[in-house]
Amino acid sequence: MANLKFHAPAPADLEGDLASLRGDGARMAAHWSAPEKTVARPVPLSLIHGVSVPAASARLLEAMPEYGN
């Protein structure tokens, strides 16, 4: 006969509190590894070409007074 006992790996309460959320994160942390740290190198301007911005996006950015300041 099969063992019918079921042990949920996570709390059955889907509306848990912060403590249960932190516990879930701590249990998941062992399954994920951080990527190797890489340093982004600047791209020469000569390699950046063919970029097009839709007119609606350009107008949106122009309307933002703090953009680029």
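Description of the structure in this document. (Residues numbered from 1 in each chain as written. Predicted model: local features only at pLDDT ≥ 70, side-chain atom pairs only at ≥ 80, totals over all residues. Heavy atoms only, no water.)

Looking at the overall build of the protein chain
To keep it simple, the criterion reads: By definition, any uninterrupted DSSP run of H or I lasting at least four residues is a helix, any uninterrupted run of E lasting at least two residues is a strand, and each is numbered from the N terminus. Using a 1.4 Å probe on the protein chains alone, a residue whose accessible area is under 20% of its type maximum counts as buried, one over 50% counts as exposed, and one in between counts as partly exposed. The Shrake-Rupley method, run with a 1.4 Å probe, gives the accessible areas here. Residue values count only the displayed protein chains as cover.
Tallying secondary structure elements over the protein chain gives two helices and zero strands in all. Burial status across the protein chain gives 0% buried among its 69 residues. Counting only carbon and sulfur atoms, one obtains 63% of the accessible surface of the protein chain, whose full area is about 7300 Å².

Comments concerning a nonpolar patch on the surface
Inclusion rule: Note that patches include only residues with greater than 30% relative accessible area and no salt bridge, and the join distances are 9 Å for like charges and 5 Å for nonpolar side chains (Val, Leu, Ile, Met, Phe, Trp, Tyr). By definition, a salt bridge exists where a carboxyl oxygen of Asp or Glu is found within 4 Å of a side-chain nitrogen of Lys or Arg.
Taken together, the side chains of Val43, Leu45, Leu47, Ile48, Val51 and Val53 define a hydrophobic patch exposed on the protein surface, amounting to about 650 Å² of accessible area. Looking at the secondary structure, you find Leu45 in the loop between helix H1 (18-29) and helix H2 (55-62).

As for the pattern of salt bridges
Inspection of the entire model under this criterion finds one salt bridge. Residue Asp24 is joined to Arg27 by a salt bridge in which the shortest nitrogen-to-oxygen separation is 2.3 Å. Linking Asp24 with Arg27, this pair stays in helix H1, spanning three residues, or about one helical turn. Relative accessible area serves as the criterion here: at 22%, Asp24 is assigned to the partly exposed category. Taking relative accessible area as the criterion, Arg27 reaches 43% and is therefore assigned partly exposed.

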